[in-house]
2 protein chains.
Amino acid sequence: MPWRPTRQRKAVLSALHDCAGFTSAQELHEALEADGIPIGLTTVYRALHALDRSGQVDVVREKSGERLYRPRPADGHRHYLVCRDCGLSTAVDADAVERWAEDVAGTMGFAEVEHTVELTGVCDRCRVTPAVRSSAEQHS
Amino acid sequence: MPWRPTRQRKAVLSALHDCAGFTSAQELHEALEADGIPIGLTTVYRALHALDRSGQVDVVREKSGERLYRPRPADGHRHYLVCRDCGLSTAVDADAVERWAEDVAGTMGFAEVEHTVELTGVCDRCRVTPAVRSSAEQHS
DNA sequence: TCAGTTATGGAAATGATTACCATGTGCGTC
DNA sequence: GACGCACATGGTAATCATTTCCATAACTGA
Ligand SMILES: [Zn+2]
Ligand SMILES: [Zn+2]
Ligand SMILES: [Zn+2]
Ligand SMILES: [Zn+2]
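Report on the accompanying structure. Nothing here was measured: the structure is a model prediction, and the numbers come from that model.

Ranked by internal contacts, the top residues of the largest apolar core, which has 32 residues, are Cys 83, Trp 100 and Cys 123 of chain A together with Cys 83, Trp 100 and Cys 123 of chain B. Within the residue set of this core, elements represented by two or more residues are strand E4 (79-83), helix H4 (95-108) and strand E6 (111-122) of chain A together with strand E4 (79-83), helix H4 (95-108) and strand E6 (111-122) of chain B.

Here we take up the packing of helix H1 (residues 7-18) of chain A against helix H3 (residues 41-53) of chain A. Residues and elements named next belong to chain A. As a packed pair, H1 and H3 sit with axes 10 Å apart at the nearest point and diverge in direction by 70 degrees. Compared by their axis directions, H1 and H3 come out roughly perpendicular. Two secondary-structure elements touch here, H1 through Gln 8, Val 12, Leu 13 and Leu 16 and H3 through Thr 43, Val 44, Ala 47, Leu 48 and Leu 51. Of the residues contributing to the contact of H1 with H3, the split by class is seven nonpolar, two polar and no charged.

Another point: the relation of the copies chain A and chain B. Superposition of chain A onto chain B requires a rotation of 180 degrees combined with a translation of 0.0 Å along the rotation axis, giving an RMSD of 0.1 Å. Expressed as a symmetry operation, the mapping of one chain copy onto the other fits a two-fold axis. Identified as the residue of chain A closest to the rotation axis by C-alpha distance is Val 117 of chain A, at 2.2 Å. Most of the interface of chain A is mirrored in chain B: 100% of its interface residues are interface residues there too.

Take the sheet that holds strand E5 (residues 89-92) of chain B next. Overall, mixed pairing links the six strands, which are arranged E5(A)-E4(A)-E6(A)-E6(B)-E4(B)-E5(B) in an open sheet. Both outer strands of the open sheet, strand E5 (89-92) of chain A together with E5 of chain B, are each paired with one neighbouring strand and no more. Adjacent strand axes in the sheet meet at a mean angle of 25 degrees, parallel and antiparallel pairs treated alike.

Around DNA strand C, the surrounding shell holds 17 residues, and the nearest of these are Thr 6, Thr 43 and Arg 46 of chain A together with Tyr 45 and Arg 67 of chain B. Near-protein atoms of DNA strand C (within 4 Å) split between backbone and bases, with sugar and phosphate holding 70%. Here a base nitrogen of DNA strand C and a side-chain polar atom of Arg 46 of chain A are 2.6 Å apart. Taken together, the elements giving at least two residues each to the surface near DNA strand C come down to H1 and H3 of chain A together with helix H3 (41-53) of chain B. In terms of residues, the surface near DNA strand C owes the most to one element, H3 of chain A, which gives three residues. Here the residues of the surface near DNA strand C are counted per class, giving four nonpolar, seven polar and six charged.

Centre-to-centre distance and the angle between the planes together describe a pair of aromatic rings. All names here are of chain A. Taken as a whole and judged by the stated rule, the model has two aromatic pairs over all chains. Ring plane angle 85 degrees and centroid distance 5.0 Å describe the contact between Phe 22 and Tyr 80, whose orientation is recorded as edge-to-face. With Phe 22 in the loop between H1 and strand E1 (23-24) and Tyr 80 in strand E4, this residue pair connects regions lying 58 residues apart in the sequence. Per residue, the accessibility class of Phe 22 equals that of Tyr 80, and both read buried. Over the ring of Phe 22 we find Arg 70, and its NZ or CZ is 5.6 Å from the ring centre.

Parameters and conventions
- Residues numbered from 1 in each chain as written.
- Chains lettered and ligands numbered in written order.
- Predicted model: local features only at pLDDT ≥ 70, side-chain atom pairs only at ≥ 80, totals over all residues.
- Heavy atoms only, no water.
- Core = buried A, V, L, I, M, F, W, Y, C linked by side-chain atoms within 4.5 Å.
- Buried < 20%, exposed > 50% of the residue type's maximum accessible area, 1.4 Å probe, protein only.
- Helix = DSSP H or I, 4+ residues; strand = E, 2+ residues; numbered from the N terminus.
- Axes fitted to C-alpha atoms, helices over the stretch in contact; angles between N-to-C directions.
- Parallel < 35°, antiparallel > 145°, perpendicular 65-115°, else oblique.
- Contact = heavy atoms within 4.5 Å.
- Nonpolar A, V, L, I, M, F, W, Y, C, P; charged D, E, K, R; others polar.
- Least-squares fit on C-alpha atoms with pLDDT ≥ 70 in both.
- Pairing = 2+ DSSP bridges.
- Near = heavy atom within 4 Å.
- Polar contact = N/O pair within 3.5 Å; in protein donor to acceptor, adjacent residues only side chain to side chain.
- Phe/Tyr/Trp six-rings, centres within 6.5 Å; stacked < 30°, edge-to-face > 60°.
- Lys NZ or Arg CZ within 6 Å of the ring centre and 35° of its normal.

Keep in mind these values describe shape, not function.
Structural data, given as C-alpha coordinates:
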(Lines give C-alpha, C1' and ligand atoms only; values in the text may rest on other atoms or scores of the structure.)
(Ligands and ions follow the chains in the order given, each with its own letter.)
Protein backbone atom coordinates (compact mmCIF):
# COMPACT_ATOMS: atom_id res chain seq x y z
CA MET A 1 0.00 0.00 0.00
CA PRO A 2 2.19 2.82 -1.27
CA TRP A 3 1.67 6.37 -0.21
CA ARG A 4 2.44 9.16 -2.60
CA PRO A 5 2.47 12.59 -1.01
CA THR A 6 0.77 14.27 -3.92
CA ARG A 7 -0.02 17.94 -4.27
CA GLN A 8 -3.63 17.27 -3.39
CA ARG A 9 -2.96 15.22 -0.31
CA LYS A 10 -0.58 17.73 1.09
CA ALA A 11 -3.09 20.45 0.40
CA VAL A 12 -5.83 18.66 2.28
CA LEU A 13 -3.67 18.09 5.31
CA SER A 14 -2.52 21.68 5.23
CA ALA A 15 -6.02 23.07 4.84
CA LEU A 16 -7.15 20.90 7.70
CA HIS A 17 -4.52 22.41 9.97
CA ASP A 18 -5.63 25.88 8.96
CA CYS A 19 -9.07 25.29 10.39
CA ALA A 20 -9.74 26.19 13.96
CA GLY A 21 -12.14 23.43 14.83
CA PHE A 22 -13.78 20.46 13.22
CA THR A 23 -14.36 20.70 9.50
CA SER A 24 -16.40 18.72 7.04
CA ALA A 25 -15.12 17.27 3.82
CA GLN A 26 -17.23 19.62 1.79
CA GLU A 27 -16.14 22.67 3.72
CA LEU A 28 -12.55 21.67 3.17
CA HIS A 29 -13.19 21.26 -0.52
CA GLU A 30 -14.73 24.69 -0.76
CA ALA A 31 -11.89 26.22 1.18
CA LEU A 32 -9.32 24.63 -1.10
CA GLU A 33 -11.08 25.73 -4.26
CA ALA A 34 -11.45 29.22 -2.80
CA ASP A 35 -7.69 29.25 -2.28
CA GLY A 36 -7.25 28.51 -5.94
CA ILE A 37 -6.23 24.94 -5.37
CA PRO A 38 -8.06 22.77 -7.86
CA ILE A 39 -9.02 19.47 -6.31
CA GLY A 40 -11.84 17.04 -6.75
CA LEU A 41 -14.32 16.46 -3.97
CA THR A 42 -13.75 12.75 -4.37
CA THR A 43 -10.08 13.27 -3.69
CA VAL A 44 -10.80 15.21 -0.54
CA TYR A 45 -12.93 12.35 0.73
CA ARG A 46 -10.24 9.87 -0.14
CA ALA A 47 -7.54 11.88 1.57
CA LEU A 48 -9.59 12.27 4.74
CA HIS A 49 -10.39 8.60 4.72
CA ALA A 50 -6.72 7.78 4.49
CA LEU A 51 -5.83 10.24 7.23
CA ASP A 52 -8.46 8.61 9.38
CA ARG A 53 -7.18 5.10 8.75
CA SER A 54 -3.66 6.16 9.55
CA GLY A 55 -4.78 7.85 12.73
CA GLN A 56 -3.81 11.38 11.79
CA VAL A 57 -7.25 12.84 12.30
CA ASP A 58 -10.08 12.62 14.80
CA VAL A 59 -13.57 12.20 13.49
CA VAL A 60 -16.87 13.12 15.06
CA ARG A 61 -20.39 12.97 13.77
CA GLU A 62 -22.81 15.76 14.21
CA LYS A 63 -26.51 15.24 14.62
CA SER A 64 -27.18 15.30 10.90
CA GLY A 65 -24.72 12.46 10.45
CA GLU A 66 -22.16 14.58 8.65
CA ARG A 67 -18.59 13.64 9.49
CA LEU A 68 -16.31 16.34 10.85
CA TYR A 69 -12.55 16.06 10.88
CA ARG A 70 -9.80 17.57 12.92
CA PRO A 71 -6.05 16.97 12.88
CA ARG A 72 -5.17 14.79 15.81
CA PRO A 73 -2.88 16.45 18.34
CA ALA A 74 0.56 14.94 18.71
CA ASP A 75 -0.28 13.34 22.02
CA GLY A 76 -2.70 10.90 20.47
CA HIS A 77 -6.25 9.86 21.18
CA ARG A 78 -8.44 12.66 22.52
CA HIS A 79 -12.03 13.59 23.10
CA TYR A 80 -13.63 16.96 22.60
CA LEU A 81 -16.20 19.23 24.08
CA VAL A 82 -17.96 20.98 21.23
CA CYS A 83 -20.24 23.99 21.34
CA ARG A 84 -23.48 23.27 19.54
CA ASP A 85 -23.89 26.92 18.77
CA CYS A 86 -20.59 28.15 17.38
CA GLY A 87 -18.64 24.95 16.84
CA LEU A 88 -15.86 25.87 19.24
CA SER A 89 -14.13 22.65 20.21
CA THR A 90 -11.81 21.96 23.09
CA ALA A 91 -9.86 18.83 23.81
CA VAL A 92 -10.67 17.52 27.24
CA ASP A 93 -9.00 15.16 29.62
CA ALA A 94 -10.75 11.81 29.47
CA ASP A 95 -8.55 9.46 31.42
CA ALA A 96 -11.54 8.50 33.51
CA VAL A 97 -13.40 7.41 30.42
CA GLU A 98 -10.46 5.51 29.01
CA ARG A 99 -10.12 3.55 32.20
CA TRP A 100 -13.85 2.97 32.38
CA ALA A 101 -13.94 1.64 28.81
CA GLU A 102 -11.12 -0.78 29.51
CA ASP A 103 -12.79 -1.94 32.67
CA VAL A 104 -16.19 -2.53 31.18
CA ALA A 105 -14.82 -4.34 28.18
CA GLY A 106 -12.77 -6.63 30.36
CA THR A 107 -15.60 -7.38 32.70
CA MET A 108 -17.98 -8.25 29.89
CA GLY A 109 -15.49 -10.43 28.06
CA PHE A 110 -15.36 -8.28 24.95
CA ALA A 111 -12.25 -7.92 22.83
CA GLU A 112 -11.04 -5.28 20.41
CA VAL A 113 -13.06 -2.65 22.19
CA GLU A 114 -13.42 0.75 20.63
CA HIS A 115 -15.25 3.74 22.01
CA THR A 116 -16.63 7.00 20.82
CA VAL A 117 -17.37 9.75 23.28
CA GLU A 118 -18.84 13.04 22.28
CA LEU A 119 -19.60 15.93 24.56
CA THR A 120 -21.63 18.85 23.33
CA GLY A 121 -22.96 21.90 25.08
CA VAL A 122 -23.30 25.63 24.79
CA CYS A 123 -20.16 27.56 25.52
CA ASP A 124 -19.77 30.50 27.84
CA ARG A 125 -19.70 33.07 25.12
CA CYS A 126 -22.64 31.69 23.20
CA ARG A 127 -24.86 31.80 26.22
CA VAL A 128 -24.44 35.58 26.08
CA THR A 129 -24.14 36.20 22.35
CA PRO A 130 -25.80 33.43 20.42
CA ALA A 131 -23.88 32.78 17.20
CA VAL A 132 -24.80 30.80 14.14
CA ARG A 133 -22.64 27.77 13.57
CA SER A 134 -20.39 28.56 10.62
CA SER A 135 -17.28 26.82 9.50
CA ALA A 136 -15.71 30.06 8.39
CA GLU A 137 -15.75 31.99 11.61
CA GLN A 138 -15.53 30.19 14.86
CA HIS A 139 -14.31 32.20 17.75
CA SER A 140 -11.08 30.80 19.10
CA MET B 1 -49.27 18.76 20.44
CA PRO B 2 -51.79 15.98 20.87
CA TRP B 3 -50.81 12.37 20.88
CA ARG B 4 -53.14 9.84 19.38
CA PRO B 5 -52.22 6.28 20.13
CA THR B 6 -52.99 5.01 16.66
CA ARG B 7 -52.77 1.45 15.47
CA GLN B 8 -49.48 2.21 13.73
CA ARG B 9 -47.81 3.91 16.67
CA LYS B 10 -48.70 1.13 19.02
CA ALA B 11 -47.43 -1.38 16.49
CA VAL B 12 -44.07 0.36 16.21
CA LEU B 13 -43.58 0.48 19.94
CA SER B 14 -44.58 -3.13 20.26
CA ALA B 15 -42.34 -4.30 17.43
CA LEU B 16 -39.49 -2.40 18.98
CA HIS B 17 -39.92 -4.26 22.23
CA ASP B 18 -39.93 -7.56 20.36
CA CYS B 19 -36.43 -6.95 19.08
CA ALA B 20 -33.56 -8.23 21.14
CA GLY B 21 -31.11 -5.47 20.43
CA PHE B 22 -30.88 -2.26 18.47
CA THR B 23 -32.99 -2.08 15.37
CA SER B 24 -33.10 0.27 12.41
CA ALA B 25 -36.17 2.01 11.13
CA GLN B 26 -36.11 0.01 7.94
CA GLU B 27 -35.71 -3.30 9.73
CA LEU B 28 -38.62 -2.39 11.92
CA HIS B 29 -40.68 -1.56 8.88
CA GLU B 30 -39.87 -4.88 7.25
CA ALA B 31 -40.69 -6.76 10.44
CA LEU B 32 -44.04 -5.05 10.71
CA GLU B 33 -44.95 -5.71 7.11
CA ALA B 34 -43.84 -9.31 7.52
CA ASP B 35 -46.22 -9.58 10.45
CA GLY B 36 -49.01 -8.50 8.17
CA ILE B 37 -49.20 -5.04 9.69
CA PRO B 38 -49.47 -2.54 6.88
CA ILE B 39 -47.58 0.62 7.72
CA GLY B 40 -45.71 3.22 5.73
CA LEU B 41 -41.99 3.62 6.11
CA THR B 42 -42.54 7.31 6.63
CA THR B 43 -44.79 6.56 9.56
CA VAL B 44 -42.19 4.32 11.15
CA TYR B 45 -39.65 7.11 10.93
CA ARG B 46 -42.11 9.55 12.42
CA ALA B 47 -43.00 7.23 15.27
CA LEU B 48 -39.37 6.59 16.12
CA HIS B 49 -38.63 10.28 15.96
CA ALA B 50 -41.45 10.96 18.38
CA LEU B 51 -40.34 8.19 20.70
CA ASP B 52 -36.89 9.68 20.66
CA ARG B 53 -38.11 13.17 21.47
CA SER B 54 -40.18 11.87 24.33
CA GLY B 55 -37.27 9.89 25.68
CA GLN B 56 -38.75 6.45 25.27
CA VAL B 57 -35.94 5.08 23.13
CA ASP B 58 -32.19 5.15 23.04
CA VAL B 59 -30.51 5.90 19.75
CA VAL B 60 -27.08 4.97 18.53
CA ARG B 61 -25.38 5.46 15.22
CA GLU B 62 -23.42 2.76 13.55
CA LYS B 63 -20.42 3.40 11.38
CA SER B 64 -22.48 3.75 8.22
CA GLY B 65 -24.45 6.50 9.90
CA GLU B 66 -27.63 4.47 10.12
CA ARG B 67 -29.63 5.15 13.27
CA LEU B 68 -30.46 2.22 15.50
CA TYR B 69 -33.20 2.31 18.13
CA ARG B 70 -33.88 0.43 21.30
CA PRO B 71 -36.62 0.86 23.89
CA ARG B 72 -35.18 2.66 26.87
CA PRO B 73 -35.19 0.60 30.04
CA ALA B 74 -37.40 1.91 32.83
CA ASP B 75 -34.44 3.11 34.83
CA GLY B 76 -33.60 5.81 32.35
CA HIS B 77 -30.45 6.91 30.57
CA ARG B 78 -28.09 4.06 29.75
CA HIS B 79 -25.10 3.22 27.60
CA TYR B 80 -24.42 0.01 25.78
CA LEU B 81 -21.62 -2.28 24.81
CA VAL B 82 -22.38 -3.59 21.35
CA CYS B 83 -20.78 -6.50 19.51
CA ARG B 84 -19.60 -5.37 16.09
CA ASP B 85 -19.98 -8.91 14.81
CA CYS B 86 -23.40 -10.10 15.90
CA GLY B 87 -25.04 -6.98 17.26
CA LEU B 88 -25.48 -8.30 20.79
CA SER B 89 -25.94 -5.32 23.04
CA THR B 90 -25.62 -5.08 26.78
CA ALA B 91 -26.41 -2.18 29.00
CA VAL B 92 -23.41 -1.22 31.08
CA ASP B 93 -22.91 0.77 34.20
CA ALA B 94 -21.59 4.18 33.27
CA ASP B 95 -21.78 6.20 36.44
CA ALA B 96 -18.12 7.03 36.04
CA VAL B 97 -18.82 8.56 32.66
CA GLU B 98 -21.84 10.49 33.84
CA ARG B 99 -19.83 12.07 36.61
CA TRP B 100 -16.95 12.78 34.26
CA ALA B 101 -19.24 14.50 31.76
CA GLU B 102 -20.72 16.72 34.47
CA ASP B 103 -17.28 17.56 35.74
CA VAL B 104 -15.77 18.48 32.43
CA ALA B 105 -18.73 20.56 31.38
CA GLY B 106 -18.68 22.48 34.62
CA THR B 107 -14.97 23.08 34.50
CA MET B 108 -15.11 24.40 30.95
CA GLY B 109 -18.07 26.63 31.57
CA PHE B 110 -20.39 24.88 29.18
CA ALA B 111 -24.11 24.62 29.72
CA GLU B 112 -26.78 22.25 28.50
CA VAL B 113 -24.25 19.51 28.11
CA GLU B 114 -25.19 16.32 26.33
CA HIS B 115 -23.07 13.29 25.73
CA THR B 116 -23.02 10.25 23.57
CA VAL B 117 -20.91 7.29 24.53
CA GLU B 118 -20.68 4.19 22.43
CA LEU B 119 -18.69 1.10 23.22
CA THR B 120 -18.17 -1.55 20.60
CA GLY B 121 -16.16 -4.72 20.60
CA VAL B 122 -16.26 -8.37 19.70
CA CYS B 123 -18.13 -10.53 22.16
CA ASP B 124 -16.97 -13.71 23.74
CA ARG B 125 -19.01 -15.96 21.52
CA CYS B 126 -18.09 -14.22 18.29
CA ARG B 127 -14.43 -14.58 18.95
CA VAL B 128 -14.98 -18.35 18.71
CA THR B 129 -17.77 -18.56 16.14
CA PRO B 130 -17.77 -15.51 13.92
CA ALA B 131 -21.33 -14.61 13.00
CA VAL B 132 -22.69 -12.27 10.40
CA ARG B 133 -24.49 -9.24 11.78
CA SER B 134 -28.17 -9.75 11.11
CA SER B 135 -31.07 -8.00 12.70
CA ALA B 136 -33.19 -11.11 12.53
CA GLU B 137 -31.09 -13.47 14.58
CA GLN B 138 -28.93 -12.12 17.29
CA HIS B 139 -27.93 -14.50 19.99
CA SER B 140 -29.35 -13.44 23.28
C1' DT C 1 11.24 5.86 -23.20
C1' DC C 2 8.15 2.09 -21.57
C1' DA C 3 5.16 -0.43 -18.71
C1' DG C 4 2.86 -0.85 -14.58
C1' DT C 5 1.04 0.93 -10.70
C1' DT C 6 -1.30 4.56 -8.22
C1' DA C 7 -3.95 8.82 -8.08
C1' DT C 8 -7.35 11.96 -9.77
C1' DG C 9 -11.92 13.80 -10.61
C1' DG C 10 -16.30 14.27 -13.01
C1' DA C 11 -20.46 12.00 -13.27
C1' DA C 12 -23.62 8.66 -11.78
C1' DA C 13 -25.13 5.65 -8.03
C1' DT C 14 -26.23 4.77 -3.24
C1' DG C 15 -28.91 4.76 0.76
C1' DA C 16 -30.86 6.60 4.82
C1' DT C 17 -33.67 10.13 5.93
C1' DT C 18 -36.90 14.02 5.04
C1' DA C 19 -40.27 16.98 2.59
C1' DC C 20 -44.53 17.24 0.12
C1' DC C 21 -49.12 16.67 -0.26
C1' DA C 22 -53.35 14.43 -1.18
C1' DT C 23 -56.06 11.39 1.38
C1' DG C 24 -57.70 9.01 5.62
C1' DT C 25 -58.96 8.76 10.55
C1' DG C 26 -60.17 10.01 15.43
C1' DC C 27 -63.03 12.70 18.03
C1' DG C 28 -65.62 16.38 20.00
C1' DT C 29 -69.83 18.84 18.74
C1' DC C 30 -74.45 19.51 17.25
C1' DG D 1 -75.57 9.70 13.54
C1' DA D 2 -73.67 13.48 10.63
C1' DC D 3 -70.28 17.39 10.36
C1' DG D 4 -65.97 19.58 10.70
C1' DC D 5 -61.35 20.04 11.77
C1' DA D 6 -57.03 18.99 13.49
C1' DC D 7 -54.00 15.32 13.48
C1' DA D 8 -52.06 11.16 11.07
C1' DT D 9 -50.85 8.35 7.21
C1' DG D 10 -48.19 6.85 3.28
C1' DG D 11 -46.73 7.01 -1.45
C1' DT D 12 -43.58 9.56 -4.14
C1' DA D 13 -40.11 12.77 -4.89
C1' DA D 14 -36.40 15.37 -3.07
C1' DT D 15 -32.15 15.82 -0.14
C1' DC D 16 -27.60 15.23 0.85
C1' DA D 17 -23.30 13.24 2.40
C1' DT D 18 -20.73 9.75 0.86
C1' DT D 19 -19.29 6.01 -2.47
C1' DT D 20 -18.64 3.85 -6.77
C1' DC D 21 -17.33 3.87 -11.64
C1' DC D 22 -14.27 4.59 -14.94
C1' DA D 23 -11.59 6.96 -18.15
C1' DT D 24 -7.62 9.78 -17.84
C1' DA D 25 -3.41 11.61 -15.73
C1' DA D 26 0.73 11.38 -12.89
C1' DC D 27 4.38 8.95 -10.84
C1' DT D 28 8.05 5.38 -10.41
C1' DG D 29 11.38 2.14 -11.41
C1' DA D 30 13.81 -0.24 -15.11
ZN1 LIG E 1 -20.12 28.73 21.37
ZN1 LIG F 1 -11.08 7.71 24.50
ZN1 LIG G 1 -21.09 -11.18 19.05
ZN1 LIG H 1 -24.59 8.89 29.91
